[in-house]
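Next come the chains, spelled out residue by residue.
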Amino acid sequence: SFCTLLRITKKINTFRMTIRSRAKTAAKAAKAGKRQYTPEITVVDGKDLMLGRAAAVIAKQLLLGKKITVVHAEGLNIAGSEIRNKIKYLQFLRKKHTTNPKKGPFHLRSPSEVFARVVRGMLPFYTKRGKCALRRLKVYEGLPSSVSRKGAVATIPKAERHTRLAKERRYTVLGNMCEHVGWKYHPIVKKLNAARAEKATRHYKKRAAVAAKWAEARKAANSKISAENLAILKKFGKA
């Protein structure tokens, strides 16, 4: 009808105006020599974090514009015994479209995809804001080398199992549960994690040996310096 056509035209015009205003802002910033804001990537270690609480915190930060990468997704925890959570997930796997299962729901079996779906449920996914927020999330099993080189890995104190779950309470490790429902790569992830830890240990020992030699050389050099000069070096933290 004419009213529907009018509404669609208004939406298109609004969208065009938004794009133009953003382009003008970017052009002004470039002309003034200002850098555009690019959020740094925060790497979060998912090991021993409660899945729901971690997802809630991450979803909020994504909506605020932060880029977040979650590693060790197979180490996330769910409250309750493993058999209970396994039965609940198997019941979820039975849900399907009545006439055409190709239309969904699509059942995910890897821990990274399961966690991403939980976060998606906490975002306004069917809006542009929610979709942009979800694009800023990356989830991995294990710790890929491309991520490990980016520096320190953070955690979420509010979501740690040790602080949020009583010692006697049972819990489920997400990787173990996913292995029971069809995820086949848990042994491979374990093998890669062990190889990475071994490599890190070798690197640390090598660095420690070099640091010890530097300490010996510094001590020998300090013994040759006069007491007055040594006091000055100690004052500025150089000895």
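Residues numbered from 1 in each chain as written. Predicted model: local features only at pLDDT ≥ 70, side-chain atom pairs only at ≥ 80, totals over all residues. Heavy atoms only, no water.

Asks: Where do I start with the environment of H97 in this structure?
Replies: Checked against the element boundaries, H97 lands in the loop between α3 (82-93) and α4 (111-121). With sequence-adjacent residues up to four places away left out, H97 is seen in contact with K103, G104 and P105. A polar contact of 3.0 Å, which involves the side chain of H97, links it to the backbone nitrogen of N100. (Helix = DSSP H or I, 4+ residues; strand = E, 2+ residues; numbered from the N terminus. Contact = heavy atoms within 4.5 Å. Polar contact = N/O pair within 3.5 Å; in protein donor to acceptor, adjacent residues only side chain to side chain.)

Asks: Even after reading the chapter, I still don't get the packing of aromatic side chains, so can you show me in this structure?
Replies: Any two aromatic rings considered together are summarised by their centre-to-centre distance and by the angle between their planes. Applying the stated criterion across every chain, the model contains 2 aromatic pairs. Consider the rings of F125 and Y126, whose centres lie 5.3 Å apart with planes at 70 degrees: the pair is edge-to-face. For F125, a relative accessible area of 21% corresponds to the partly exposed category. Positioned above the aromatic ring of F125 is the side chain of R120, whose terminal nitrogen or guanidinium carbon lies 4.9 Å from the ring centre. (Phe/Tyr/Trp six-rings, centres within 6.5 Å; stacked < 30°, edge-to-face > 60°. Buried < 20%, exposed > 50% of the residue type's maximum accessible area, 1.4 Å probe, protein only. Lys NZ or Arg CZ within 6 Å of the ring centre and 35° of its normal.)

Asks: What exactly am I supposed to notice about the sheet that holds strand β4 (residues 137-139) here?
Replies: Picture the strands of a sheet paired through backbone hydrogen bonds; they go either parallel or antiparallel. In space, the 3 strands of this open sheet follow the order β1-β2-β4, with parallel pairing throughout. Looking at strand neighbours, the two that pair on one side only are β1 (41-45) and β4, the edges of this open sheet. The average undirected angle you get between the axes of adjacent strands in this sheet is 20 degrees. Where strand β2 (residues 67-71) lies against β4, 3 bridges are found, and the strand directions are parallel. Bridging across to β4, I68 finds its partner in L137. Here helix α2 (residues 51-63) sits on the sheet in contact with β2 and β4, set at roughly 155 degrees to β2. Here α4 sits on the sheet and contacts β2 and β4; the angle it forms with β4, its principal contact strand, is near 150 degrees. (Pairing = 2+ DSSP bridges. Axes fitted to C-alpha atoms, helices over the stretch in contact; angles between N-to-C directions.)

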